[in-house]
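Per-entry structural report
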Amino acid sequence: MMKKSVISTVLLVSSFLTGCSTVADQESSTETPAAVTADSSAERYAKEFNAPPKGWSGLYLYRTCNIMGMGLTKGLYVDGQYVGDTPRCGFFYRLVKPGMHVIHTGSEFGENDVSLTFVEGKNHYVNQYFRPGVLLFGAEVEEIETAEAQKDIAEYHLAGDSDEPRENLKIFTNKPGTGSIPGPKNAAEAKALAK
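Residues numbered from 1 in each chain as written. Predicted model: local features only at pLDDT ≥ 70, side-chain atom pairs only at ≥ 80, totals over all residues. Heavy atoms only, no water.

Comments concerning the overall build of the protein chain
Rules: A run of H or I in DSSP counts as a helix once it spans at least four residues, and a run of E counts as a strand once it spans at least two, with each numbered from the N terminus. Accessible area is worked out with a 1.4 Å probe on protein chains only. A residue is then buried under 20% of its type maximum, exposed over 50%, and partly exposed in between. Throughout, a residue-residue contact means that at least one pair of heavy atoms, one from each residue, lies within 4.5 Å. We get accessible surface area from the Shrake-Rupley algorithm with a probe of 1.4 Å; when it comes to residues, only the shown protein chains can shield them.
For the protein chain, the count of helices and strands is four helices and ten strands. When its helices and strands are written in sequence order, the protein chain yields α-α-β-β-β-β-β-β-β-β-α-β-β-α. Going through the 195 residues of the protein chain one by one, you find that 45% of them count as buried. Excluding contacts between residues fewer than 6 apart, the proportion of contacts in the protein chain whose partners are at least 24 apart in sequence is 73%. Roughly 10,300 Å² of accessible area belongs to the protein chain as shown, and the carbon and sulfur atoms make up 57% of that amount.

If you want it as structure tokens, here you go:
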């Protein structure tokens, strides 16, 4: 009887860790195409970590291969603009206007955003990570130093951008920042985006 109880407990915990998903009041309730991998040439270009085009700042949003919250995804937002759900071991490459921007992710925990001042011509790196809460896993975001982030991202896959306006957060209306655009896929696109 004891053995059956232990097995049941293990199965319950296992399904909780890998299969549960939460939908915060501001989160996407549908499966997102963000897990779709972008084309390989765009990924190679993003992993060169070139300076962003003139007039822009670069933004890499990524999630490590940590097993914490392995079966879960949470949306990532720039100034309330939905970018996508980061797949485990994946990243997004975006461009933002220089100045203040708010990077946000849904979470069981209260504060789940970070405000950063973006510098023209510089790439910035933000990691989304999961940690267990009382009942559910929550996601948080933090800025990461360039060397550490580039080392991580070099092993990951570029996720396809979702950019789904219906998923934008209304709570960020009238806040600083104007959202982001997908980063260039090659040098020609970067040149065309230069201001």
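What follows picks up the thread again.
Points about the nonpolar core
Applicable threshold: What makes a nonpolar core is a set of buried Ala, Val, Leu, Ile, Met, Phe, Trp, Tyr and Cys residues whose side-chain atoms join them at distances within 4.5 Å.
With 16 residues, the main nonpolar core has Y60, Y62, F91, Y93, Y125, A149 and I153 as its most contacted residues. Sorting elements by how many residues they give to this core places strand β4 (residues 90-96) first, with three residues. Once residues lying within four places of it in the same chain are set aside, the contact partners of Y60 are A46, F49, F91, F92, Y93, N123, H124, Y125, V126 and I153. With 14 residues, the next largest nonpolar core counts L76, I103, L116 and F118 among its residues.

Some points on the pairing of strand β1 (residues 57-63)
As a reminder of what qualifies: Strands are treated as partners if at least two bridges between them are detected by DSSP.
Counting buried positions along β1 yields seven of seven residues, so the element is predominantly enclosed. The sheet contact formed by β1 and β4 spans seven bridges and is antiparallel. Residue pairing in the sheet places Y60 in a bridge with Y93 of β4. Alignment of β1 against strand β7 (residues 123-132), held across six bridges, turns out to be parallel. Across the sheet, the residue bridging to Y60 is Y125, located in β7.

With respect to the confidence of the model for the protein chain
Close inspection of predicted coordinates is inappropriate for parts of the model with low pLDDT. Definition in use: Values of pLDDT, which run from 0 to 100, indicate the predictor's confidence residue by residue.
Predicted confidence across the protein chain gives a mean pLDDT of 79, with 73% of residues reaching 70 or more. No element of the protein chain has a lower mean pLDDT than helix α1 (residues 2-19), at 42, and none a higher one than helix α3 (residues 146-153), at 97. Low pLDDT (under 50) marks residues 1-35, which in the prediction has 43 contacts with non-local residues, meaning those over four places away or in another chain.

Remarks on the state of the cysteines
Defined as follows: The disulfide criterion used throughout: a pair of cysteine sulfur atoms within 2.5 Å.
By the definition in use, this model includes one disulfide. In this model C65 forms its disulfide with C89; the gap between the sulfur atoms is 2.0 Å. With C65 in the loop between β1 and β2 (75-78) and C89 in the loop between β3 (81-85) and β4, this pair connects stretches of sequence that are 24 residues apart.

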